[in-house]
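Spelled out from the first residue to the last, the chains are:
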Amino acid sequence: ITVTFSFSTSPNCFQTSAHKWDPGEGDRWGSNGFPLLLAGRLDDLRSRLCSRMSFGTAGLRAPMGAGFNRINDLTIIQSTQGLFSYLSRYFPDFSSRGLVVGFDTRGHEESGCSSQRLAKLTAAVMLSRDVPVHLFSTFVPTPYVPYAVKKLGATAGVMITASHNPKEDNGYKVYWCNGAQIASPHDKEILRSIEEQLEPWSASCWEEELVEKCSLRTDPLTQINSCYMDELTSLCFHRDLNSSCSLKFVHSSFHGVGHVFVQQAFQTFGFTPPIPVPEQKDPDPNFPSVRCPNPEEGESVLELSLLLAERENAQIVLATDPDADRLAVAERSDSGWKVFTGNELAALLGWWMFFNWKENNSNPGDIQGVYMLATTVSSKILKAFARAEGFHFEETLPGFKWIGNRIHELSKTGNKVIFSFEESIGFLCGSMVPEKDGVSSAVVVAEMASYLHNKNLSLNQQLHNIYQTYGYHISKTSYIVCNHPPTIQRIFSRIRNFDSEGSYPKTCGGAQIIHVRDVTTGYDSSQPDLRSVLPVSRSSQMITFTLQNGVVATLRTSGTEPKIKYYTEFCAAPGKSDVTTLEEELKKVTTALLDEFLEPEKNNLIRRFV
């Protein structure tokens, strides 16, 4: 691979066609203030310039900075040119329907990159080709973009966000005309179109001011926010109780977009707005009060929220991640704080949505059109609900794009999806937007807590009531970090050839493995033809083991981070309520899954310690 560099006449700067950097920017670009090339950091240069980003489970996502595998002005312009090329071929009416563009609060001082600037450049590329753009005038929650795509009839949408990733990252999330994240073959075709459109078309593509002066740009903020809040009332079942609720709620938006929108959602439901965490309610791309802006990490990153709740005598803490598509919940009890896992919250929300559906539907036959969805690495508790209650449950591959597209398919045949989730605290109550939604989930949890409080029940007490009725589902979800892709390939190759070639492990923690499903290769030992029912996903690694003792265990690679994630769950039958025994058995299997299959020490993997 040949990479050509150009230098200005000044020895103090290094240029490409897209960027110019001054050595004063420091070690981000080169050692002791010298450019990477002069500093001899060739591996860093190769990483930045000799590969390109590809669409993962959440579109494009990478650190902000210089290089073709980074998020910056040039790569966003290239991506948008490719998107334009594909959409214009696919939609004959693209030039009238246009594109929705939104952004979060991220920014990067070293490179001058920000979500707002990148959103404006995305719009500028489209406007330079006379395509109308619905560009939000301020930051919005990620679900607002797919909601606007459907509401405005646009061909697609782009959200500039890296969700809960570290502050250095940003991303380019693409939604199709049905409001769901893009899936195959669109992702591959867009990527191919990007590679065919690498040279910026004109100076207009760099002109972010174009959005202020072009008549084809509109701001959908007022309309979409109003429609969203109006439609949100379809999830409000007990407004009379909400207005007199004595519970107090605390909310953290993790320095992101959520504060204003969660406050409005509470008012829409008749609640007094939650108490905001003052240090975290205003946008700040540096996320100064948290070591990582991911509420999924649990109590360690909810510290300020829990302290405020104790001072204010609040019972419930709600935390939305920086782009407000995920939700964490904690509840205070006499014994301390209970931070719910994504699977536990799903048990509560799934129960709540079906409870209210039954209350509002008197015809028993209607249940044949009711569905709940979950990703395959998530808890099987909804499956237990469906088995007992008679509605339909389906699993999808990991990633909400699969859920969103399935919601669209089911709605076309007159079916109704009343709840969906992924274990990584991503929930969707109802189906008003085919994407996980932290804003609506937050206020639905508040109403559920208010209703249960009126019955002298806490969320945690109701969770145990659910498990007593449908069977305890105890799960463990975590990850190990692996920064060396060949090691990941070697680990999974060993699992597929464990005792001999083509032989998977037969036991885990002393328990017999009765089924193996390998979505990467399409193998499933539980099927008569040995073929996986779920789509084959060769771009990532995922193997699921079903054990004779009732444990289901999955290993998979992350689509956005250098992680191997693991998921284990003990799915007990109703009435089997010796929780301590279940937890001990699950711990035993989980430990074996890591030690026997991943071999962390041998492979220099970094365990997660929280």
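These numbers come from a predicted model, not from an experiment.

Draft legend 1. Structural detail: the packing of aromatic side chains. For the structure on display, the rule yields 26 aromatic pairs. Between Phe-84 and Trp-201 the ring centres are 5.3 Å apart and the planes differ by 75°, which places this aromatic pair in the edge-to-face class. Taken as a pair, Phe-84 in helix H2 (residues 73–90) and Trp-201 in the loop between helix H6 (186–195) and helix H7 (210–213) lie far apart in primary sequence, 117 residues in all. Given the relative accessible area of 13%, Phe-84 is considered buried. You can call Trp-201 partly exposed: its relative accessible area is 23%. Aromatic side chains Tyr-86 and Tyr-90 sit 5.7 Å apart centroid to centroid with 40° between the ring planes, which places their arrangement in the tilted category. A residue pair is termed a helical-turn pair when its members lie 3 or 4 positions apart in one helix, as Tyr-86 and Tyr-90 do in helix H2 at four residues. Residue classification places Tyr-86 among the buried positions, given a relative accessible area of 8%. Taking relative accessible area as the criterion, Tyr-90 reaches 43% and is therefore assigned partly exposed. Here the aromatic cluster, defined as three or more aromatic residues joined through ring pairs, consists of Tyr-86, Tyr-90, Phe-91 and Trp-176.

Draft legend 2. Quick peek at the sheet that holds strand S15 (residues 327–333). The strand order across the open sheet formed by five strands is S13-S12-S14-S15-S16, and the pairing between neighbours is mixed. Sheet topology places strand S13 (275–276) and strand S16 (336–339) at the edges, where each strand pairs with a single neighbour. Pairing analysis gives four bridges linking strand S12 (residues 249–252) to strand S14 (residues 316–320), with the strands arranged parallel. By the bridge assignment, Val-250 is partnered in S14 with Val-317.

Draft legend 3. The arrangement of the nonpolar core in detail. Phe-419, Leu-459 and Phe-545 are the most contacted members of the largest nonpolar core, which totals 136 residues. The element contributing the most residues to this core is helix H12 (residues 342–359), with 11 residues. Each residue touching Phe-419, except ones within four places of it in the same chain, is listed here: Ala-346, Leu-349, Gly-350, Met-353, Tyr-371, Met-372, Leu-373, Leu-382, Phe-427, Leu-428, Cys-429 and Gly-430. Tyr-86, Val-101, Cys-113 and Val-131 belong to the second-largest nonpolar core, a separate cluster that totals 43 residues.

Draft legend 4. How the structure looks around the UniProt feature "domain: Alpha-D-phosphohexomutase alpha/beta/alpha" (unreviewed entry) in the protein chain. UniProt's entry tags residues 53–197, 228–331 and 342–470 with the feature "domain: Alpha-D-phosphohexomutase alpha/beta/alpha" (unreviewed entry), counted in the numbering of this structure. Structurally, residues 228–331 is divided into 30% helix and 15% strand, and its ends, taken at the C-alpha atoms, are 28 Å apart. Each end of residues 342–470 is marked by a C-alpha atom, and these two atoms are 18 Å apart; helix forms 53% of the span and strand 17%.

Draft legend 5. Region of interest: the sheet that holds strand S5 (residues 99–103). The strand order across the open sheet formed by six strands is S4-S10-S9-S5-S8-S11, and the pairing between neighbours is mixed. With partners counted over all chains shown, the strands left at the sheet margins are strand S4 (60–63) and strand S11 (217–218), one partner each.

Draft legend 6. Main features of the pairing of S16. Bridge count for S15 against S16 is four bridges, and the pairing is antiparallel. Residue Ala-330 lies in a different strand from S16, and its bridge partner there is Val-339.

Draft legend 7. Local environment of the packing of H12 against helix H16 (residues 459–470). One way to put it is that H12 packs onto H16 with a least axis distance of 10 Å and a crossing angle of 80°. One way to sum up the angle between H12 and H16 is to call them roughly perpendicular. Two secondary-structure elements touch here, H12 through Glu-344, Ala-347, Leu-348 and Trp-351 and H16 through Leu-459, Gln-462, Leu-463, Ile-466 and Tyr-467. A breakdown of the residues in the contact of H12 with H16 according to their chemical character gives seven nonpolar, one polar and one charged.

Rules used throughout
- Residues numbered from 1 in each chain as written.
- Predicted model: local features only at pLDDT ≥ 70, side-chain atom pairs only at ≥ 80, totals over all residues.
- Heavy atoms only, no water.
- Phe/Tyr/Trp six-rings, centres within 6.5 Å; stacked < 30°, edge-to-face > 60°.
- Helix = DSSP H or I, 4+ residues; strand = E, 2+ residues; numbered from the N terminus.
- Buried < 20%, exposed > 50% of the residue type's maximum accessible area, 1.4 Å probe, protein only.
- Pairing = 2+ DSSP bridges.
- Core = buried A, V, L, I, M, F, W, Y, C linked by side-chain atoms within 4.5 Å.
- Contact = heavy atoms within 4.5 Å.
- UniProt positions renumbered as here; feature names shortened; annotations may be inferred.
- Axes fitted to C-alpha atoms, helices over the stretch in contact; angles between N-to-C directions.
- Parallel < 35°, antiparallel > 145°, perpendicular 65-115°, else oblique.
- Nonpolar A, V, L, I, M, F, W, Y, C, P; charged D, E, K, R; others polar.

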